[in-house]
Amino acid sequence: MSEREWSLGVDFGTSNTAAAHTNQIKQVVEPVSLAHDRMTMSSSVYMDDPEEFLVGDVALDRAESNPGGLIRSPKRFIPQQVFQKNGYDIPSSSPVAAVLQSVVARACKEHNGTRPSELVLTHPEEWSEREIQVLLDAAQQLGLSATKVTTISEPKAAATYYTKSKELKPGEKIAVFDFGGGTLDIAVLEVGENHQFSVVAAHGDNTIGGQSFDALIRRWVDRQLEEINPELKESLRSEATVAEKHALMDSIRRAKELLSETAQATIKVAVGPDMQNLQITRGEFEEAIADMVSRAVDITRDTLSLAGINSSDDLAALYLTGGSSRVPYVQEQLKELGPLATLDDPKTVVAQGALTAVAPIVGSLTAQTSAPSVNSVSSGRAGQYDLKSTPTAPDSSGVQFSAAEQPTRVEPAPNYGPAGSPQKAEDSTSKSNSKKFGLIGAAVIAVIAVAAAGVWFLRPSDSESSATEPAGESSAATSAAGDAGTEAPSSFNETTPLKDLIAAIPEELRDGLGTCTYMDVSNLTVSCDIEKGARYSAYGLGTSESSFGQSVNFTFKDGEVRSQRAFIRDQKKGLTLTSEDKRLSAHSEGDFGNETEGEQTVRFVNMNKGVYVVFHAVPTADDAERLMREVLVPGAPEAQWKSGGKS
């Protein structure tokens, strides 16, 4: 690599994006500053029309005047290939390309305007080639040849970065706990001969992250205002401008980060001339997030067990990455699972590891790393670390990949529908009122025209019903319980078309649902918008007042469905309803332990249909109870709210 040539690694995250570059002068890999006050940038994108995308803080600023143009988490749309925004069919690669272009532009300033000669992109371990191809398509829109773009999974990149400061021996296992702004991903990797990494087990949850913590603090704010300033709470709900709501969330995020360093922080709430400062303690914050952190720990424990990790002695390190892993309470709850390790800024280590893992690109460059910080409370294993040791692997990365594990360099491929086979545009019908555009040529137009692109509408107009109705949908109304003799779907997997999953949604739950998209391919999760003013409005849903979102999630992965059934069965608080044959079960509970006031999360499992359903932010306990009794588990035996004010 010449002195002018340089490489760029990008960790495109659900909430935030980080990057690293090769500094030829210093002969190191180091992070790129992507914002004026921090190393990372928001992954958000704003779009009025497909001719112009705004990204990062600029996107969030523009969204204050028009929230409808904001694409807060473009990464979530990658599994569905195409999504709708402002009446346009948008290829999922387009907002990704906008983010990548912004990253490249900032990084080029470090190299006198010279563009990178190589680009390395990270992705979740469980992504399919079809999803990885979206990243590659986005990179091509930047004018980079496919031969200059390489991909590597996020846990392999993180583990590679770790080995720059702490050598792992063949047979040792390391777990990567990647807790970001929008998702939680756990992976266990084993070091083979010649320092090859192989992923032994991987699991995650795309509903847990720093944004989830923000939402929980936001609900804490509502409770505080209800007690000390109910007028301000009402003004916040009904009169606050978009800018005032954004200011509140910014204050919440700053307080959350400050609580990792101090015992209390201030949250400022202001609507017009009315203003209130709230003091939140670390204890109150930890109480608010306790249930969510407990779920994160359970997922980690299950992943370790799947990888054959039966005690902390079986694990070389539980390596914490992602900004949310900084929360002391998270680390405290994880310590019993293995020796905790941190290294440098957890928000940038994946991007740096991506470059150090691709030895042919980086050559003799080394990553700027400090010694791993091993948590002193981590099961007494800290003493087993030789912090002075350095890797002695055959290449500069400290890790080699076998042919099966090699960082992926993929040539451009046809766009695929959910079934995994190339689709022709004339084989399907697109929405008649959709605006078409030639954003990136004929290949994109072909994708737009494919109905199997990953977005379905449960309430099409009469003229569109034949084109958009999911296959297998029955016209006969049935109950949410379904036919007790119907077996749950057993053939669903990651290649199952979206329309087939939608067809499996119990008929009685469909009325009042709008657009459905793939939310999580690995767990076969579909997210459907709740229409405003429709059937679910009777239960407080489909309104503009919910703080979490106007959607309901349907998960069809058998293991997850059974896991949630057990979760509901074991609940000691809230309200649990179960049918007499035990095949239907639902549970509702507030977001703060035993409280029955405020927004509720309703979970429902239908074993007859093999589906797990989550309704977020049901406004009140009464709304939740009626939803459960009238829709989810009709005719269930009487039950009482536990550990709360209802009886």
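No experiment lies behind these values; they were computed from the predicted model shown.

Scanning the chain from terminus to terminus reveals 16 helices and 28 strands. Long-range pairs, those at least 24 residues apart, make up 66% of the contacts in the chain between residues at least 6 apart in sequence. As displayed, the chain offers around 26,400 Å² of accessible surface, 46% of which is attributable to carbon and sulfur atoms.

Contact geometry for helix α2 (residues 93–108) and helix α3 (residues 129–140): axes closest at 8 Å, N-to-C directions at 55°. Put simply, α2 runs oblique to α3. Once α2 is placed against α3, the crossing between them reads as right-handed. Of the residues in α3, those in contact with S93, V96, A97 and L100 of α2 are V134, L135, D137, A138 and A139.

A word on helix α16 (residues 621–632). Along α16, the residues classified as buried are A621, D623, A624, E625, L627, M628, V631 and L632. On its buried face, α16 is in contact with β25 (575–578), β26 (584–590), β27 (600–606) and β28 (611–618).

Next up on the list: the packing of helix α5 (residues 210–228) against helix α8 (residues 282–306). Where α5 meets α8, the closest approach of the two axes is 10 Å, and the angle between their N-to-C directions is 130°. Here α5 lies oblique to α8, going by the angle between them. Considering the relative orientation of α5 and α8, their crossing is right-handed. Residues S212, F213, L216, I217 and W220 of α5 lie in contact with α8, whose contacting residues are E284, F285, A288, I289, M292 and V293. Of the residues in the contact of α5 with α8, the class split is nine nonpolar, one polar and one charged.

Before going further, it helps to spend a moment on the environment of T14. Structurally, T14 is set in the loop between β1 (7–12) and β2 (16–23). The spacing of T14 and G180 is 166 residues in sequence and 7.8 Å in space, taken between C-alpha atoms. Apart from residues lying up to four places away in sequence, T14 is in contact with S43, R72, S73, K75, R76, G182 and T183.

Now for unusual backbone geometry. As a rule of thumb, non-glycine residues mostly have phi less than zero, and peptide bonds are mostly trans rather than cis. For N112, which is not a glycine, the phi torsion comes out positive at approximately 55°. By secondary structure assignment, the location of N112 is in the loop between α2 and β10 (118–123). With phi around 70°, K582 is a residue other than glycine that occupies positive phi space. Locating K582 in the fold gives a position in the loop between β25 and β26. Given a relative accessible area of 53%, K582 falls into the exposed group.

So, about the pattern of salt bridges. For the structure on display, the rule yields 20 salt bridges. Where E154 meets K75, a salt bridge forms, and the shortest distance between an N and an O atom there is 2.9 Å. A residue pair is termed long-range when its members are at least 10 positions apart, and E154 in helix α4 (residues 154–163) and K75 in the loop between β7 (70–71) and β8 (82–85) qualify at 79 residues. Three or more residues joined by partner-sharing salt bridges are found here, namely D214, D250, R253 and K256.

Another aspect to go through is the environment of Q264. Inspection of the secondary structure puts Q264 in strand β15 (residues 264–271). Overall, the relative accessible area of 44% leaves Q264 in the partly exposed class. Sequence separation between Q264 and G283 is 19 residues, and the spatial gap between their C-alpha atoms is 8.6 Å.

F177, F213, I267, V269, L318 and L334 are the most contacted members of the largest nonpolar core, which has 46 residues in total. The residue makeup of this core includes at least three contributed by each of domain 2 (172–204 + 296–344) and domain 3 (210–286). Dropping the residues within four chain positions of it, I267 is found in contact with I217, W220, V221, L248, S251, I252, A255, Q276, N277, L278 and I280. With 38 residues, the next largest nonpolar core counts L100, A107, L136 and L144 among its residues.

This paragraph deals with helix α10 (residues 349–357). Within α10, nine of the nine residues are buried, leaving the element largely enclosed by the surrounding structure. Every buried residue of α10 is listed here: V349, V350, A351, Q352, G353, A354, L355, T356 and A357.

Turning our eyes to something else, we now look at the confidence of the model for the chain. When pLDDT is averaged along the chain, the result is 74, and 74% of the positions lie at 70 or above. Here residues 359–365 is modelled with pLDDT under 50, and outside its nearest four sequence neighbours on either side it reaches 20 contacts, counting other chains as well.

Attention shifts here to the packing of aromatic side chains. Counted according to the given criterion, the structure contains six aromatic pairs. Their ring planes at 50° and their centres at 5.6 Å tell us that Y536 and F615 sit as a pair that is tilted. Within this pair, whereas Y536 is found in the loop between β23 (525–530) and β24 (551–555), its partner F615 is found in strand β28, the two being separated by 79 residues in sequence. Here the two residues Y536 and F615 agree in accessibility, since each one is buried. Each residue in the set F177, F179, F213 and F285 is aromatic and connected to the rest through ring pairs, giving one cluster. A cation over a ring is seen here: K75 above W127, with NZ or CZ 5.8 Å from the ring centre.

With that out of the way, let us pick up the pairing of β2. With seven of its eight residues buried, β2 lies for the most part within the structure. Where β2 lies against strand β4 (residues 41–42), two bridges are found, and the strand directions are antiparallel. In the strand pairing of β4, N16 is matched with S42. In sequence, β2 turns back onto strand β3 (residues 28–31) through a hairpin of four residues, with Q27 there showing a positive phi of about 60°.

Okay, the pairing of β15 next. In regular strands, side chains alternate between the two faces of the sheet. Of the two faces of β15, the one lined by A265, I267, V269 and V271 is fully buried and the one lined by Q264, T266, K268 and A270 carries no buried residue. With eight bridges connecting them, β15 and strand β16 (residues 274–281) associate as antiparallel partners. What sits directly across from V269, in β16, is Q276. Hairpin connection between β15 and β16: a loop of two residues separates the two successive antiparallel strands, and G272 in this loop has a positive phi of roughly 60°.

A few words on the sheet that holds strand β6 (residues 52–55). In spatial order, the strands read β6-β5-β7; together these three strands make up an open sheet with antiparallel pairing. One side of each edge strand has no neighbouring strand; the edge strands of this open sheet are β6 and β7. Relative to β6, strand β5 (residues 45–49) runs antiparallel, the two sharing four bridges. Counterpart to D49 in the pairing with β6 is E52. Of the strands in this sheet, β5, β6 and β7 touch helix α1 (residues 56–63), which is tilted by about 105° from β6. Here α2 sits on the sheet in contact with β5, β6 and β7, set at roughly 55° to β6.

Rules behind the numbers
Residues numbered from 1 in each chain as written. Predicted model: local features only at pLDDT ≥ 70, side-chain atom pairs only at ≥ 80, totals over all residues. Heavy atoms only, no water. Helix = DSSP H or I, 4+ residues; strand = E, 2+ residues; numbered from the N terminus. Contact = heavy atoms within 4.5 Å. Areas by Shrake-Rupley, 256 points an atom, 1.4 Å probe, with all protein chains shown as cover. Axes fitted to C-alpha atoms, helices over the stretch in contact; angles between N-to-C directions. Parallel < 35°, antiparallel > 145°, perpendicular 65-115°, else oblique. Left-handed = near helix turned anticlockwise from the far one by under 90°. Buried < 20%, exposed > 50% of the residue type's maximum accessible area, 1.4 Å probe, protein only. Nonpolar A, V, L, I, M, F, W, Y, C, P; charged D, E, K, R; others polar. Salt bridge = Lys/Arg side-chain N within 4 Å of Asp/Glu carboxyl O. Core = buried A, V, L, I, M, F, W, Y, C linked by side-chain atoms within 4.5 Å. Domains from an automatic or database assignment. pLDDT = per-residue confidence, 0-100. Phe/Tyr/Trp six-rings, centres within 6.5 Å; stacked < 30°, edge-to-face > 60°. Lys NZ or Arg CZ within 6 Å of the ring centre and 35° of its normal. Pairing = 2+ DSSP bridges.

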